[in-house]
Amino acid sequence: MAPRFRVPSPPRAFGLISGIALIFSVILGLTGCMSAKTRRELAAEYFHIGPSFFELKNYDKALAMYEKALSYHDEFSETSYNLARLYISRSRYPDAIRVLEELLGRDPDNLVLLQTLAYAHAKNQEPQAAIATYTRILAISEGSVVTLYNLSVLYEEADRREEAMSTLKSALRLAPDDADVLRRLGYLEAEHGSGEEAAEYLKAYMDIKTDDAATAVFLTELYKKQRLYAEALSFVEGFITRTPNNAGILFEHAWLLITQAEEKPRGMEVLGKALEAGFTDKEKAASLLLACPDSALREVENYLVEKKILTEEEAKKAIEGAFKPKT
């Protein structure tokens, strides 16, 4: 699946301060006298250093600078927000939530703050608080794809499947080419809805993310379940032109060639390539034997046993399963 939650996009931090050493010298010069004005100026200097370390990915230093800034003066809202982001990056979610709630006390409809708060609640394993905050965001503005995406994740985890699907479809209406939304919606439809619709979503996703082999295999299996073998074969052969050495998709290609196209020589060649690429899935190997036409069965069985993908007993069991009467 796609990432569990999508991170809200923060506003761009204040510009980088290249002369960090110079700013430190100013700070040192200010520490002698500590009037209210001076304390605010000192906080401002620490505040301006923080983004520099943040951009350099020196998060410990950035965190120290922001905390220093707030220790001298607590009215730098942007500093507090960046501090909350740093707390999140360090998995200090309760600290981030505390800071964000303080900021929202002064600016209750700030969508950036609400997005970040909801994300922090979700990461802190507080799904109901996260859902409530995301719902609050949608009451202010219905146009946030990140909000809808993350809310759908929370709904799914709460077993509220219909709401998960409808929320994600709302996100898709806002952003029809959003790859994450298309992929997640495809998997949700496959599990809880229509296999046909799932295939459409995942095909649209694959048109954007053309090298996602795991989803390519999943989509091929969806086509197979719907007996859309021609579509599956066309899709697989197109994918292989871009990603020729993936074991999973090579196996799917071999499966289709041997069992549906009845191109045994070519299928055996592709099966060999799949094994060379690292294919070892016993369950899928057994599925190949189950679907094999009589004309190819023994050759495929012997090959899988010879290459130690299946034992003789496993191969025999798979073949016997093909001839069991249905009850």
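The model shown is predicted, which means the values in this text are computed figures rather than measured ones. (Residues numbered from 1 in each chain as written. Predicted model: local features only at pLDDT ≥ 70, side-chain atom pairs only at ≥ 80, totals over all residues. Heavy atoms only, no water.)

Novice: I'd like to hear about the overall build of the chain, residue by residue, with values.
Specialist: The helix and strand tally for the chain stands at 18 helices and zero strands. Buried residues in the chain amount to 47% of all 327 residues. (Helix = DSSP H or I, 4+ residues; strand = E, 2+ residues; numbered from the N terminus. Buried < 20%, exposed > 50% of the residue type's maximum accessible area, 1.4 Å probe, protein only.)

Novice: Give a description of the packing of aromatic side chains that names residues and reports values.
Specialist: Centre-to-centre distance and the angle between the planes together describe a pair of aromatic rings. Counted according to the given criterion, the structure contains five aromatic pairs. An aromatic cluster is built from Tyr-223, Phe-235 and Phe-239, whose rings are joined through pairwise contacts. Just above the ring of Tyr-149 sits the side chain of Arg-184; from NZ or CZ to the centre is 5.9 Å. Above the ring of Trp-255, the side-chain terminus of Lys-224 is found at 4.0 Å from the ring centroid. (Phe/Tyr/Trp six-rings, centres within 6.5 Å; stacked < 30°, edge-to-face > 60°. Lys NZ or Arg CZ within 6 Å of the ring centre and 35° of its normal.)

Novice: Break down the nonpolar core for me, with residues and values.
Specialist: Across soluble globular proteins, you tend to see nonpolar side chains buried next to one another. Counting 93 residues, the largest nonpolar core has Leu-219, Leu-271, Phe-279, Leu-288, Leu-289, Val-300 and Leu-304 as its most contacted members. Examining the composition of this core, we find that nine residues originate from one element, helix 14 (residues 247-259), more than from any other. Apart from residues no more than four positions distant in its own chain, Leu-288 is found in contact with Phe-251, Trp-255, Ile-258, Thr-259, Leu-271, Val-300 and Leu-304. (Core = buried A, V, L, I, M, F, W, Y, C linked by side-chain atoms within 4.5 Å. Contact = heavy atoms within 4.5 Å.)

Novice: Help me get a handle on the pattern of salt bridges, residues and values and all.
Specialist: On inspection of all chains with the given rule, the structure shows 17 salt bridges. A salt bridge links Asp-159 to Arg-161; the nearest nitrogen and oxygen atoms lie 3.1 Å apart. Looking at Arg-161, the relative accessible area reads 43%, which means it is partly exposed. A salt bridge links Lys-284 to Glu-221, with the shortest nitrogen-to-oxygen separation between them at 2.5 Å. Here the residue Lys-284 occupies a position in helix 16 (residues 282-291), and Glu-221 occupies one in helix 12 (residues 213-225), the gap between them amounting to 63 residues. (Salt bridge = Lys/Arg side-chain N within 4 Å of Asp/Glu carboxyl O.)

Novice: Help me get a handle on the packing of helix 9 (residues 161-174) against helix 10 (residues 179-192), residues and values and all.
Specialist: Between two packed helices, both the angle of their axes relative to each other and the distance between the axes serve to describe the pair. In contact at an axis separation of 10 Å, helix 9 and helix 10 are set at 150° when each is read in the N-to-C sense. One element, helix 9, and the other, helix 10, form an angle in the roughly antiparallel class. Crossing of helix 9 against helix 10: the hand is left-handed. Only Val-181, Leu-182, Arg-184, Leu-185, Leu-188, Glu-189 and His-192 of helix 10 make contact with helix 9, whose side of the interface consists of Arg-161, Ala-164, Met-165, Leu-168, Lys-169, Ala-171 and Leu-172. Its residues assigned to classes, the contact of helix 9 with helix 10 shows nine nonpolar, one polar and four charged. (Axes fitted to C-alpha atoms, helices over the stretch in contact; angles between N-to-C directions. Parallel < 35°, antiparallel > 145°, perpendicular 65-115°, else oblique. Left-handed = near helix turned anticlockwise from the far one by under 90°. Nonpolar A, V, L, I, M, F, W, Y, C, P; charged D, E, K, R; others polar.)

Novice: Please set out helix 9 residue by residue, giving values where relevant.
Specialist: The end-to-end C-alpha distance of helix 9, which contains 14 residues, comes to 20 Å, matching closely the 20 Å that a straight helix rising 1.5 Å per residue would cover. Along helix 9, the residues that are buried comprise Ala-164, Met-165, Thr-167, Leu-168, Ala-171 and Leu-172. Down the axis of helix 9, the sector holding all buried residues measures 165°, keeping them to one side. Within helix 9, the exposed residues directed more than 90 degrees away from the buried face are Glu-162 and Arg-173. Against the buried residues of helix 9 lie helix 8 (145-157), helix 10 and helix 11 (195-208). (Expected span 1.5 Å × (residues − 1). Arc of directions from axis to C-beta.)

Novice: A description of the packing of helix 12 against helix 13 (residues 229-242) should follow, citing residues and the corresponding values.
Specialist: Put simply, helix 12 and helix 13 touch, their axes get as near as 8 Å, and they point 165° apart. For the element pair helix 12 / helix 13, the angle class is roughly antiparallel. Like other packed secondary-structure pairs, helix 12 and helix 13 cross with a definite hand, here left-handed. The segment helix 12 lies against helix 13, with Ala-213, Ala-216, Leu-219, Thr-220, Tyr-223 and Lys-224 engaging Tyr-229, Glu-231, Ala-232, Phe-235, Val-236 and Phe-239.

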